Structure formats: C-alpha cells, structure tokens
Amino acid sequence: GVEIHLDNVSKRYPGQRTAAVDEVTMTIPAGETVVFVGPSGCGKTTTMKMINRLIEPSAGRITIGGEDALKLDPDQLRRRIGYAIQQAGLFPHMTVGQNVGVVPGLVGWDKNKIADRVEEMLDLVGLEPGEFRDRYPRQLSGGQQQRVGVARALAADPPVLLMDEPFGAVDPITRGNLQDQLLRLQSELGKTIVFVTHDFDEAVKLGDRIAVLGDRSKILQYDTPDAILAN
Ligand code: ADP
Ligand code: ADP
C-alpha cells in the first residue's frame, strides 16, 4: 500500500490575504479510505490538487509512498494516482472509450489490453460498453459523465485514488453501487483513497477515517466514523 503524508502544507493563492490551506499535517494510511468533509471553500479541493501536483504548495512537504511528490515526474504521478472530480472533466473531443483509455495509453499499455480494460471499467461503473463507448461527453447526462470520469480514474489501476465529490450528480441507486465498488477496491486491492463529499452518510459508509475540516483546512476531527458519530 501507499501512504500519503502532508507535513505542514500551506497554500496561499496569489493576491489572497489568507491562506486557502494553512499548515496542515496529516497522514493518510496505506490502504485506507479517508473522507474529507467540511464547508465549501475550506480548501478540500486545493489539498487534493496539491497531492496530485496540479498546484504547488506554498510551503510544506507531501510524500506519496515515502517519495517526495515534488520529485515525481508526470508519468510517475499518473501511475500512482487516479483523480476523479465533480465536473468529470472529460476531454470533449474524445469518445467515452478514448477518455477511459487515455491514462493506460500514456503509460504504454498495448491496444488490446486497453480495449479490454475500457470495457471492464465501463461495466464497473454500470455503463453498457456497446451503448456508451463511442459516444462523446456532450451526449451524456451529468451523472453519466461523472461515471466515465470515475472509470477513467480507475483505468490504469493506480494504488491511490483522489475523488473530489465524484458522485454528486449520480442517481441514488447507481451511487450506492459505485460506493460498493470503491469499498471492494479498497478491501480487495488495498487502494488508498481520499474522498471529498458533503454527504455525511456517504462519508460514514466509505471512510475508514473521516477528517472534519474547518477554515483553511484546519483539522477539527480526524477519527473513525464510529468515534465521530459518538461525538
Ligand atoms: P473547497 O474545495 O473546500 O470548496 P477550495 O480548495 O476550492 O475549497 O478553495 C479554498 C479557498 O481558496 C477558497 O477561499 C477559494 O475561493 C480559494 N481559491 C480556490 N482556487 C483559487 C484560485 N485558483 N485562485 C484564488 N483563490 C482560489
Ligand atoms: P439523468 O437522469 O442522468 O440526468 P438525462 O435526463 O440528462 O439523465 O438523460 C437521459 C438520457 O438521455 C441518458 O441516457 C443520456 O445518455 C441521454 N442523453 C442526454 N443528453 C443527450 C444528448 N445530448 N445526446 C444524446 N443522448 C443524450
């Protein structure tokens, strides 16, 4: 498994008076799911993007599996981290199949293996491959786009998943199935998962631990769901 460690991590955006994330220190244990809950604007997305190196911390250090995140090149990051976001962020000029296959392609899988994996991932998120593979993102509902985004994040089988409100637009039944799939990936494959949600039931269901964040991502509580519910 892969542990993620944040050591005194801060982010101040240019022109902002206060930091978006202020001196956060936290360990996300290997093979566990940690759920971030906290008010809008408290820095959850900023923290996820720093782990993924989409933005650089202003200060502090992040390690992924003991390696300094700043020293990982884009290829190494893609092999380690799958990222799924609320807005799905699909490439509009690529089909669903091409979107799901993009990371395996970048890291050098052969064509047949990618095609099989795309089918497997679309099945996993409950989208019939024959019906959806050749569609473009604009031909999908918001919830379907999110499911493709999740399939894309999982496609190259990375040990770490960063998921930022990935199921917000998904209908409740499908959402339950996707949650079950994540639980399975965590327990059977030992994935390390960081998950952001506003849905406390979802946090309790998925989280080995829940991090309750306040302003500037200050950690107010960091404990098991049972312990947090007892408070
Ligand atoms: P959350 O994900 O918890 O809603 P964010 O990480 O998106 O919070 O935002 C944290 C703070 O940083 C907010 O005050 C937000 O307005 C600010 N922020 C986010 N992105 C930028 C940016 N690119 N430039 C300036 N400020 C930003
Ligand atoms: P949801 O209930 O997930 O919000 P929608 O009502 O948006 O779904 O869409 C219902 C169905 O119509 C879905 O199967 C979706 O794939 C299809 N659909 C939505 N928009 C388009 C489009 N622009 N072109 C083709 N099919 C579409």
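Just so we're clear, the structure is a prediction, and the values are computed from it rather than from any experiment. (Residues numbered from 1 in each chain as written. Chains lettered and ligands numbered in written order. Predicted model: local features only at pLDDT ≥ 70, side-chain atom pairs only at ≥ 80, totals over all residues. Heavy atoms only, no water.)

> Please set out the layout of surface pockets residue by residue, giving values where relevant.
In this approach the atoms are scanned with a rolling probe the size of a water molecule, which exposes any empty space left behind. Roughly 540 Å³ of volume is contained in the largest pocket. Lining the largest pocket we find 23 residues, and of these Asn52, Arg78, Ile81, Tyr83 and Val103 sit closest to its centre. For the lining of the largest pocket, the secondary structure elements donating two or more residues are α2 (74-80), β6 (81-85), α3 (96-106) and α6 (142-154). Top element by residues in the lining of the largest pocket is β6. It accounts for 4 residues. Quantified by volume, the second largest pocket comes out at close to 150 Å³. Forming the boundary of the second largest pocket are 13 residues, of which Gly41, Cys42, Gly43, Lys44 and Thr45 lie nearest the centre. In terms of residue class, the lining of the second largest pocket is made up of 4 nonpolar, 6 polar and 3 charged. (1 Å grid on protein atoms, 1.4 Å probe; cavity = no way out; pocket = protein on both sides within 12 Å on 5 of 7 lines; lining within 4 Å. Points joined across faces, edges and corners; volume = space filled by probe spheres on them. Helix = DSSP H or I, 4+ residues; strand = E, 2+ residues; numbered from the N terminus. Nonpolar A, V, L, I, M, F, W, Y, C, P; charged D, E, K, R; others polar.)

> Now, about the environment of Glu202: what can you tell me, with residues and values included?
On the secondary structure map, Glu202 appears in helix α8 (residues 200-206). Classification of Glu202 by relative accessible area gives buried; the value is 3%. Note: C-alpha distance between Glu202 and Val35 (167 residues apart in sequence) is 9.0 Å. If we ignore the near neighbours within four places in the chain, the residues touching Glu202 are Phe167, Arg175, Gln179, Phe195 and Thr197. Of note is the side chain of Glu202, whose polar atom sits 2.7 Å from the side chain of Thr197. (Buried < 20%, exposed > 50% of the residue type's maximum accessible area, 1.4 Å probe, protein only. Contact = heavy atoms within 4.5 Å. Polar contact = N/O pair within 3.5 Å; in protein donor to acceptor, adjacent residues only side chain to side chain.)

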